[in-house]
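Here's the letter readout for the chains.
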Amino acid sequence: MSAFLRPAIPGDDPLDLPAQSHIDHQATGHQESGRQGPGLLPYRAISSHLAITPPVSVVIPAMNEAQNLPYVFRTLPEWIHEVVLVDGDSTDGTIEVARALRPDVKVVAQRGKGKGDALISGFAACTGDIIVMVDADGSADGQEIVSYVSALVSGADFAKGSRFANGGGTDDMTAIRKLGNRVLCAVVNAKFGARYTDLCYGYNAFWRHCLDEITLDCTGFEVETLMNIRVVKAGLKVQEIPSHEYDRIHGVSNLRAVRDGLRVLKVILRERGVPRSTRRRPVALRISVPAAPRGKTS
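These lines cover the structure that appears in this document, whether it is placed above or below. Note that the structure is predicted; figures quoted are calculated from it, not measured.

### Describing the sheet that holds strand S8 (residues 158–162)
Strands pair in a sheet through their backbones, by hydrogen bonds, and they do so in one of two ways: parallel or antiparallel. Read across the open sheet, the 7 strands follow the order S6-S5-S4-S7-S10-S8-S11; overall the sheet is mixed. Here the strands that pair on one side only, and so sit at the sheet edges, are strand S6 (106–109) and strand S11 (238–242). Strand-to-strand, the axes of this sheet are offset by a mean angle of 20°, without reference to chain direction. As paired elements, S8 and strand S10 (residues 204–207) share 3 bridges and run antiparallel to each other. What sits directly across from Ala 159, in S10, is Ala 205. Lying over the sheet, helix H7 (residues 223–233) contacts strand S7 (130–133), S8, S10 and S11, oriented at roughly 130° with respect to S8.

Laid out in C-alpha cells, this is it:
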C-alpha cells in the first residue's frame, strides 16, 4: 500500500496512528502536514474508507464569479489544505464573497488576462503537495476531488478528469463542442500516443512536482490541452477520472467554440510528436474508493 494512504478503520481516528520508520518518510520525498507529535503520522481522513498524508491545494481561477462561489465552496471537502482563489480583476465583489465564505482563502491577483495566466499564478502560490484545478462557474462538483486524490496516492502523477469516461457526463456541451473535442482528442492521441477520452476539460489534479517536468507557456483556455500533452511527453503516469460537468449556475461563459478550438489546434500542431518507439505503455492503476455523490448540494 502507498506510504501516503491507509484504510480508515471505523471508530479509529486515522490521525492517531503508530509511527512508521523515518526511512519511509524520506523515501516519499513529500513534506508532512496535519497533526504531528510523538508516535503520530499526519494522516487526514478523506472518506470513511481512506486517509492520506499529502496536503491538497485547490486552485480556483475566477473573474466576476461572486454569485457562483457559494455553490463552489460548499462542495469542497473539509480536509483540503488550502483554497487558492486567483482573481482576474473582478468588479462584483468576488474577493469579498470568497473571504466571507472561507476566511482562510488565499487570494492571488492574476497576472495577465487568460485562464493560462490565472492557473500559472495560482500554481505558484500553492503550498500543498497535490494541486487540484477547479472552475469557479459551479460546473464542477468538489466532492469528486476524493477520486482524483485517490488516483494520485495510488501511483498516478496526473489525474485527468474525463466527461466521456465510463461514469462521466456533461450537461453543458453543445453538439459542435462535443464534435470538436472528439476530433482534437483523436489528433492528440494519434500524435502523442495518449489514450484520452476527453481533452478540453479543466478539472484535473496532479503532484506539484509535475510542474518541474512540464513548461506552461500559453495564456488562454488552451492551457488545459497543453498540460495534457506535456504530461504525456514527459512520460508521467496519467489516470483518467470519470467526472460530471454541470451547467454554469450564473453568468455567461467566456468560452467561444470556434475561436478557442482553433487556439487548441495551434497548440497541438506546435508541439513535437512522440515517436512510437519511445511512448510509455499505459499503466493500469487499481483504485478502490467509494463513488463521490453526484449533483450539487443545496
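### Some points on the pairing of strand S2 (residues 44–47)
In this sheet, strand S3 (residues 50–52) lies alongside S2 in antiparallel orientation, the contact comprising 3 bridges. Looking at S3, one finds that Ser 47 is bridged to Leu 50. In textbook terms, the turn of a hairpin is the stretch between consecutive antiparallel strands, and for S2 and S3 this stretch comprises 2 residues.

### Things to note about the pattern of salt bridges
On inspection of all chains with the given rule, the structure shows 16 salt bridges. Across the pair Asp 104 and Arg 102 runs a salt bridge, and its minimum N-O distance is 3.0 Å. For Arg 102, a relative accessible area of 17% corresponds to the buried category. Between Lys 160 and Glu 240 there is a salt bridge, and its shortest N-O distance comes to 3.5 Å. Here Lys 160, found in strand S8, pairs with Glu 240, found in strand S11; they are 80 residues apart in sequence, far enough to count as distant. Taken individually, Lys 160 and Glu 240 each receive the classification buried, so the pair is uniform in this respect. A single network of salt bridges, built from pairs that share partners, joins Asp 217, Arg 230, Lys 233, Arg 270 and Glu 271.

### Brief notes about the packing of aromatic side chains
Under the criterion given, the structure shown has 4 aromatic pairs. Between Phe 123 and Phe 206 the ring centres are 5.3 Å apart and the planes differ by 85°, which places this aromatic pair in the edge-to-face class. Taken together, the residues Phe 123 in helix H4 (residues 115–125) and Phe 206 in strand S10 connect sequence positions 83 residues apart. Its relative accessible area of 6% is what places Phe 123 among the buried residues. Aromatic rings pair up to connect Phe 123, Phe 158 and Phe 206 into one cluster. Its guanidinium or amino end placed over the ring of Tyr 71, Arg 74 lies 5.6 Å from that ring's centre, counting from NZ or CZ. It is Lys 160 that lies over the ring of Tyr 196; its NZ or CZ is 4.8 Å from the centre.

Reading guide: rules and limits
- Residues numbered from 1 in each chain as written.
- Predicted model: local features only at pLDDT ≥ 70, side-chain atom pairs only at ≥ 80, totals over all residues.
- Heavy atoms only, no water.
- Pairing = 2+ DSSP bridges.
- Helix = DSSP H or I, 4+ residues; strand = E, 2+ residues; numbered from the N terminus.
- Axes fitted to C-alpha atoms, helices over the stretch in contact; angles between N-to-C directions.
- Contact = heavy atoms within 4.5 Å.
- Salt bridge = Lys/Arg side-chain N within 4 Å of Asp/Glu carboxyl O.
- Buried < 20%, exposed > 50% of the residue type's maximum accessible area, 1.4 Å probe, protein only.
- Phe/Tyr/Trp six-rings, centres within 6.5 Å; stacked < 30°, edge-to-face > 60°.
- Lys NZ or Arg CZ within 6 Å of the ring centre and 35° of its normal.

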